[in-house]
Amino acid sequence: MTEATPTTPDSTAAVEVRGVDKVFETRTGQVHALDAIDLVIAPGEFISLIGPSGCGKSTLMRLIADLDEPTGGTLTVFGKTARQARLDQDYGIAFQQAGLLPWRTVAANVALPLELHGVGSAERRSRVEHLLDMVGLSDFADRYPDQLSGGMQQRVAIARALAEQPRLLLMDEPFGALDEMTREKMQTELVRISAETGAAVVFVTHSIPEAVFLSDRVVVMSPRPGRIQQVVPMRLGAEAERAARTEELREERAFFDMVTAVREALHGGSPVSSGPRGVETR
Amino acid sequence: MTDLRERETADAVPGGVPGGIRSAGRAGRVGRSRRAGRTAAAWAWGLVGILALALLWEGYKFLAPADGVVIAGTRVLPRSTDLAMPHVWDMIARLAEPVTRSPSAQPLWLVVLLAALTTLGIAAAGWLVGVVVGIGLALVMQRWRIAEWGLLPWIVLSQTVPLIAFAPVVKSWGSRVEIGAFEWQDWMSVALIASYLAFFPIAVGALKGLQSPDRIHTELMQTYAAGYWQTLVKLRFPAAVPYLLPALRLGAANAVIGAVVAEVSTGLQGGIGRILIQFAGQASGDPAKAWGPIFGAIVLGLVAAGSVALLGAILKNYRRSEESA
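The following refers to the structure shown. (Residues numbered from 1 in each chain as written. Chains lettered and ligands numbered in written order. Predicted model: local features only at pLDDT ≥ 70, side-chain atom pairs only at ≥ 80, totals over all residues. Heavy atoms only, no water.)

Notes on the side chain of B:S195
All names here are of chain B.
Next up, step 1: Turning to its location among the elements, S195 is positioned in helix α7 (residues 186-210).
Next up, step 2: Here the side chain of S195 touches L192 through a polar contact of 2.6 Å, landing on its backbone oxygen.
Next up, step 3: Every residue in contact with S195, bar those within four places of it in the chain, is listed here: G126, V129 and G130. (Helix = DSSP H or I, 4+ residues; strand = E, 2+ residues; numbered from the N terminus. Polar contact = N/O pair within 3.5 Å; in protein donor to acceptor, adjacent residues only side chain to side chain. Contact = heavy atoms within 4.5 Å.)

This is the structure:
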């Protein structure tokens, strides 16, 4: 994994979104899911997309993944079209559900993308071993998904997303279905993993503290039509080493300030005079 | 049964504690012995069922009037004479006796067994053809939605044609087929008719199975830039297994029924359908004899369905679900 750090000298953006619109044709008429989205994500940058339901954050991620096509504007991934980037396997993806294949063992699930792309069995084995070690599931390689807890399944899914050492990791509320304890543990692990691999991450979430804890920048979106309301830089780790982000961070004053900043952005710029600081608004 | 066991195992693995493995192993062992107990119970209940049936038979025979119950000229309950309802023990004893009075005659059970094996072979051939055709149709229907719209109604309609009606037609068509050294055999007509019954549940089940993968899985394959064939082999076929197994079992049972009925209506020698008719004709003189092939046909159906269950045991990992604790 380490040799694939994308701190390559060429400064091509990991993702470049220029004036992207997305309109869904439905029976009841057109739905403007995204409207004039501009966003540039640098290599190795951790970006969170946050906003209320229907703000198009998942749609934006699906456009980057080439699971949907934009109606207008241009979208490039590492300087290529989204389609080419998908064909070249430039990104790894994890969804809200783990989406593991139930008839495959943990190891075989992680190996699936490698298998599909003709990686030799010896290399496959060593790569899977390394990945499972990274997500702390080495002892569970021969288990089946139904024998794992939800958090463990999600870790397998993350290992699978990292299998091809992608320079870009797309995550659509990957911890949304987990309980708070597991969730915080997974966040810490994700910070460590993303630092280890140096991949850029696009992270869709509902949770403000989650976005603040993980990200270099938080992209706050508003619904109908989906627009970028504000991009809030996180001073927590943008300059500092990402690996330095630890559990203590959650207790620091700067963390709460950032949470407040994002919350204010979500509420349209007006200061929020709601409850005590640090109370989660999800 | 397996579901329960897996659920237990999952419960025993909370959030990645190393001790989870050991406790999971223990749960597995408990599950295995419990499963063995359930298998024994299943056999015991099966036996109880057979005994209850025999008791009912003998009980009715003992209590009912010899001429049955006739109300307003219609017989609502059957005659209970030895001719209409031989004793259970007579039927079993008859199996051990020779078929005919000739000194070289084989015992009845052997004749029934050989005939059943012949029919099983024909039904197996028909089942295989049914599997190939059924899965082939399902693949076409899964690939092209328009094919599903166009084909599915015809597939359903095909099963409404009475088997007896077209069995002789198939035989007469078959007898005209002669390609080079290949000559159409009569048993092939029977196998073809068996396949006609077998393919239907397989086609429907396989289609449902191939369409069963969740959107998250198909999209995952899409993000891997996997093509149609890769998606088929790695995702759709494995996902179809839980749907295919019952369909294959139903297909096997249908193939046996189709083979027996086709043997009767095409007059094929050697199979169980033939002796079923033949011995029924002799029932007035030897009522217990006619029951031999009937038992044979029942066992035949069980063996056919059971062989598919064996396939299910081999493929048991494909029947897992994604659910967890």
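Structure shown, so let's carry the discussion forward.
Description of the sheet that holds strand β5 (residues 80-81) of chain A
All names here are of chain A.
Next up, step 1: Strand order across the open sheet formed by four strands is β2-β1-β4-β5, with antiparallel pairing between neighbours. Two strands in the sheet have a free side with no partner beyond their single neighbour: β2 (29-41) and β5.
Next up, step 2: Relative to β5, strand β4 (residues 72-77) runs antiparallel, the two being bridged by two bridges. The residue bridging T76 from the neighbouring strand is T81, located in β5. (Pairing = 2+ DSSP bridges.)

A look at the environment of B:A194
Next up, step 1: One can find B:A194 in helix α7.
Next up, step 2: Those residues in contact with B:A194 that sit more than four places away from it in its chain are B:G126, B:A255, B:G258 and B:A259.

Section: empty space enclosed by the protein
Next up, step 1: Enumeration over the complete set of coordinates arrives at two cavities of 30 Å³ or more.
Next up, step 2: Approximately 70 Å³ is the volume found for the second largest cavity.
Next up, step 3: Every residue along the wall of the second largest cavity is listed here: A:Q89, A:Y91, A:G92, A:I93, A:P113, A:R160, A:A161, A:A163, A:E164, A:P166, B:T223 and B:Y224.
Next up, step 4: Of all elements in the fold, only β6 (91-94) and α5 (150-161) of chain A reach the threshold of two or more residues within the lining of the second largest cavity.
Next up, step 5: Residues that form the lining of the second largest cavity fall into these classes: seven nonpolar, three polar and two charged. (1 Å grid on protein atoms, 1.4 Å probe; cavity = no way out; pocket = protein on both sides within 12 Å on 5 of 7 lines; lining within 4 Å. Points joined across faces, edges and corners; volume = space filled by probe spheres on them. Nonpolar A, V, L, I, M, F, W, Y, C, P; charged D, E, K, R; others polar.)

Here's the deal with the sheet that holds strand β8 (residues 200-205) of chain A
All names here are of chain A.
Next up, step 1: Judged by pairing direction, the sheet is mixed, and its six strands sit side by side in the order β6-β7-β8-β3-β9-β10 without closing on themselves. Looking along the sheet, the strands with just one partner apiece sit at the ends: β6 and β10 (227-233). For this sheet, the mean inter-axis angle between neighbouring strands, taken without regard to orientation, is 15°. (Axes fitted to C-alpha atoms, helices over the stretch in contact; angles between N-to-C directions.)

Let's talk about the interface of chain B and chain A
Next up, step 1: With 33 residues of chain B at the interface, the matching set in chain A holds 36 residues.
Next up, step 2: Note on chain B versus chain A: buried area summed over both sides is about 3,200 Å², and carbon and sulfur give 58% of it.
Next up, step 3: Across the contact surface, chain B and chain A share two salt bridges.
Next up, step 4: The shortest N-O distance in the salt bridge between A:E115 and B:K234 comes to 2.5 Å.
Next up, step 5: Taken together, the links from chain B to chain A amount to eleven residue pairs in polar contact (both at pLDDT 80 or more).
Next up, step 6: Sorting the residues of the side of chain B that touches chain A by element identifies α1 (2-11), α2 (19-63), α8 (215-223) and α9 (228-266) of chain B as the ones contributing at least two each.
Next up, step 7: Its residues assigned to classes, the side of chain B that touches chain A comprises 16 nonpolar, ten polar and seven charged. (Buried area = accessible area lost by both parts, 1.4 Å probe. Salt bridge = Lys/Arg side-chain N within 4 Å of Asp/Glu carboxyl O.)

A few points about the pairing of strand β7 (residues 168-172) of chain A
Residues and elements named next belong to chain A.
Next up, step 1: Of all five residues in β7, five are buried; the element is thus mostly enclosed.
Next up, step 2: Going residue by residue along β7, you find L168, L170 and D172 tucked away on one face and L169 and M171 tucked away on the opposite face as well.
Next up, step 3: Both β7 and β8 contribute to a ladder of five bridges, which runs parallel. Bridge assignment links L169 to a residue of β8, and that residue is V201.
Next up, step 4: For the crossover that starts at β7, traverses helix α6 (residues 180-197) and ends in the parallel β8, the hand is right-handed. (Buried < 20%, exposed > 50% of the residue type's maximum accessible area, 1.4 Å probe, protein only. Right-handed = clockwise from strand over helix to strand, strands pointing away.)

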